[in-house]
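Breakdown of the fold
Take a look at the letters that make up each chain.
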Amino acid sequence: MPQASSISVLVVDDQLTMRALIRNALQQIGFKDVREAPDGEEALKSLLAKPANLVISDFNMPKMDGLALLRAVRSHPPIRQTAFVMLTGRADRELVQRAVQFGVNNYCVKPFTVQGLKEKIEQVFGQLT
Amino acid sequence: MDELEAIKVTFFQECEELLADLEGGLLAMQEGVGDIETVNAVFRAVHSIKGGAGAFGLEPLVRFAHVFETLLDAVRSGEVPNTVDLAAVMLRASDVLADHVSAARGLGDVDMAASAAMADELKAWTDPSAAPPPAAVAAETVDAPPPAPVAADPDALDDDDLGFDFQPMTISIDAQAADAELIPTNVWTVSIRPKSDLYRKANETALLLRELSRLGPIVATMDDSALPTLEFLDAEAAYVTWSVRVETDDGEEAIREVFEFVDGDCELDIVRGEAPVEAALANLLSAIEPPAPQAAVQAAPEPVAEPAPVASAPEPVAEAPPPVVAAAPAAVAAAPAAAAPAKVTQADVPGPGQSVIRVDPERIDRLIDLVGELVINQAMLAQRVGEYGIAPSSNLAMGLDELEQLTREIQDSVMAIRAQPVKSVFQRMPRLVREVANMTGKQARLVMDGENTEVDKTVIERLSDPITHMLRNAIDHGLESPEERRAAGKNPEGVVRLAALHRSGRIVIEVQDDGKGINRERVFSIAVKKGLISPDVQLTDEEIDNLIFLPGFSTADKISDVSGRGVGMDVVKRSVQALGGRISITSRPGLGSTFTLSLPLTLAVLDGMVVDVAGETLVVPLAAIVESLRPKAEEVRPLGPVGSVLAVRDSFVPLIDVGLALGYRNTSPSPTEGVVLLVEGEDGSRAALVADAIHGQRQVVIKSLEQNYQQVEGVAAATILGDGRVALILDVDAVINLRRRESPRPTEPSLIAAE
């Protein structure tokens, strides 16, 4: 059973509000090592400089969207197995299906609850302590 | 839950930006810009507002945003053609969305009927076959189920909520850790950027490199791209930087120790890892660049896994295009191209929370105040030194000169911190134009120019009102109705141009319309009818145009609630003048009118002329002074029992003794004994102010009289001079007016009223 506090998370969203909300939820779950990036490109830079265990990413972002980020992560061996949870709206079913092709680990529909997000993460890592 | 409240505040701040982006994008679309990037940005703005609103359970906002988003999604996918008409509709929808945001924030209400009608109009676009024209759709949608219930219900958030079978993929942290091993732990990239001090202290980079090589094999790359040509070379400056790849098991501490003795004389970055991030990133970006998704994933030949020759990797600081790793030749050309534009936009628009710091404005105000004190102190010091008769060539005097230079620069830089582009004011105007055009039945298109022109925050806050009035006036009185325009052979849609520019140390705002221009005959007759001017006065065209700024003047036959909102142009003019600004209008019949508003760039400092009057020191704003002169006796002519005028070239200007006007003395000395400052009031009226002596020009820091004492007629503000004395800043207009009121028989009653 992994410890939430030992899992590093990168939150990717172009909206400051969403990043703050996600960070807030993650902290409530027990995550300590949380950093942020405003788009896919910045996220990739961040990951290349320092890998993370988990990426929670929005889809629609300027410059480099969530799918492109997912593909980039999966194609780079040192960070290939980064857990990737996609944030999505209800209408984005096709998108999630494409994300599945690229190896997304899980998705989470906005708006989410703290408990909902926790479950999504636990489905990837196993129960958190 | 305090934290959530704080996030909510952030959300509304972000909404402001998103709404501005939305409007900007839609305006571009209305101009015919239809590229996918613009549409995407517009979509993203609405989508983001909806997303945040959903998180806070702001139902009405979510519902409206959802309808809007659905339409934009259809435009994005090409189902609904992207037309100029559609953009116009969506612009109105963006106004409704903005109202919803304000309502959610607790500021104002939404006209729910108008919102529902707008929503129906938007829906009609996505489904034109099913829906009759907007007006008729309303009834139908009432019983329709609310579009996509945005769940606030946590139970609804399970795996099945997107309606297909999805198995989350599990991952183990250990496996991730194993992958991370792929990143060599004993390779370091050290970038060394020596400062000139390093060499001045007789250190030498070669020694440092030799020292580094004791830790393990190194590959050093020198970057001399900053090296200027010989003629510009400063022999004592440091131009060259190094990037060194070190393979060592000794760790970061050992590397740092090498640089122990040059600490502070050299910028140092020690990063674990092989290639600089940029090179790997460029590779990854180029690998996913082609739009064939499947192919990219399978075919990507793990470009970064190849040991990248770090020796040739780009030094991050270097200007030169990055020599991309040889392992992926195909990527070489594409990589810099892909990475470069991103960098540019990033510099323009720093990501939220990235390189922008939010600072409490009060801190900046305090800083500006302090710098103001510094300027005064510096001036005082300089004056003392002058009094002691120290030679200007002495080290002390020269040091003081440098200090003055520095102080100026600090002041400019600090003022620049508070400077803001006028964009924040401008971006509210398209909506205003749409609303006024709707209300008056005119067609108007707003063209904006110079949104990035910067002014001090103190000025920006005061720009909004006059611009609003000028725009209202331009549309309401300037533009003709579409029919009239057609009849005149013009495009039925009128163009209103709002522009900001810097001109001689001031900010100038122009509002220009291509309407009918001012009907001078009518303006003149109204002014006569209202007793503002006498019927036999001769006025130039320009003087007639500017009659509209007279108190009590309104050309509209019935007062429309659009133009004035109960406030005439005279009030606008007075508030502008109170800021040290001026406003005027020029007009060409049939072609349109132009309002010109000019304001000082800041309300914190002022260029002034220091003068002596009856033993008091006063500062006259330089902007008001046309010239200064010593009058000859024959140029002074008496006028009436007490007054006199001065002949300046071919005109006469009233002479005003400042000492008398401000009550410093009861009899004025002969003007020929003093100095005359020819000043021009904000309304263009001239006067000759008599002072005893001129001390010279100086930049002074404005200290408000109202805040520290009370308002005094004839005095605009106060300042502190170099010798520590308080000096009053003259309010030129007030002094001119003071004299007018007191003088028993004004020279030309009609003209004075007309000014």
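Given the structure is predicted, the values throughout are model-derived calculations rather than measurements.

With that settled, the discussion passes to the confidence of the model for chain B. Residues and elements named next belong to chain B. Per-residue confidence for chain B gives a mean pLDDT of 76; residues scoring 70 or more make up 79%. This stretch, residues 557–566, has a pLDDT under 50; its non-local contacts, to residues over four places away or in other chains, come to 18 contacts. Ignoring residues within four places in sequence, the model shows residues 743–755, a span with pLDDT below 50, making 18 contacts including any to other chains. Of the two predicted TM-score estimates for the complex, the pTM is 0.51 and the ipTM is 0.85.

It is worth spelling out the sheet that holds strand 12 (residues 605–613) of chain B at this point. As a general point, the strands of a sheet are linked pairwise by backbone hydrogen bonds and lie either parallel or antiparallel. All names here are of chain B. Within the open sheet, the five strands sit side by side as 20-12-13-22-21. Their pairing is mixed. Taken across any chain shown, the strands that pair with only one partner, and hence form the sheet edges, are strand 20 (693–701) and strand 21 (715–720). The sheet shows a mean angle of 35 degrees between the axes of neighbouring strands, taken without regard to direction. Judged from the eight bridges that link them, strand 12 and strand 20 form a sheet pairing that is antiparallel. Bridging across to strand 20, Val610 finds its partner in Gly696.

Residues and elements named next belong to chain B. It is the contact of helix 17 (residues 429–440) with helix 18 (residues 457–478), at a shortest axis distance of 10 Å, that shows an interaxial angle of 35 degrees. The interaxial crossing formed by helix 17 with helix 18 has right-handed handedness. Within the contact between the two elements, helix 17 uses Met429, Leu432, Val433, Val436, Ala437 and Thr440 and helix 18 uses Ser464, Ile467, Thr468, Leu471, Arg472, Ile475 and Asp476. Class assignment for the residues of the contact of helix 17 with helix 18 results in eight nonpolar, three polar and two charged.

So, on to the packing of helix 14 (residues 361–387) of chain B against helix 15 (residues 395–418) of chain B. Residue and element names in this part refer to chain B. Packing of helix 14 against helix 15 brings their axes to within 10 Å, and their N-to-C directions diverge by 160 degrees. Of the possible angle classes, the one that applies to helix 14 and helix 15 is roughly antiparallel. Here helix 14 and helix 15 pass one another in a crossing that is left-handed. Across from Ile364, Asp365, Leu367, Ile368, Val371, Leu374, Val375, Gln378, Leu381, Ala382 and Val385 in helix 14, the residues of helix 15 making contact are Leu396, Leu400, Leu403, Glu404, Thr407, Ile410, Gln411, Val414, Met415, Ile417 and Arg418. In terms of residue class, the contact of helix 14 with helix 15 is made up of 16 nonpolar, three polar and three charged.

Rules behind the numbers
Along each chain, numbering runs from 1 in the same order as the chain's sequence is written. Going through the entries in the order they are written, you letter the chains from A and number the ligands from 1. Selection of residues for local features in this predicted model requires a pLDDT of at least 70, selection of side-chain atom pairs for listing and counting requires 80 or more, and totals for whole chains, interfaces and linings are taken over all residues. Water and hydrogen atoms were dropped before computing side-chain values, which therefore reflect all heavy atoms in the structure. The pLDDT value expresses, per residue, how confident the predictor is, ranging between 0 and 100. Whether two residues touch is decided by their heavy atoms; if any such pair falls within 4.5 Å, the residues are in contact. Being paired, for any two strands, means DSSP has found at least two bridges between them. Only DSSP runs of H or I reaching four residues or more are called helices, and only runs of E reaching two or more are called strands; each is numbered from the N terminus. Every axis corresponds to a line fitted to the C-alpha atoms, with the helix fit spanning only the stretch in contact, and the corresponding angles, defined between N-to-C directions, vary from 0 to 180 degrees. Note on convention: near helix rotated counterclockwise from far helix by under a right angle means a left-handed crossing. Clockwise means right-handed. Each residue gets one label: Ala, Val, Leu, Ile, Met, Phe, Trp, Tyr, Cys and Pro are nonpolar, Asp, Glu, Lys and Arg are charged, and the others, such as Gly, are polar. These descriptions rest on fixed angle ranges, namely under 35 degrees for roughly parallel, over 145 for roughly antiparallel, 65 to 115 for roughly perpendicular, and the rest for oblique.

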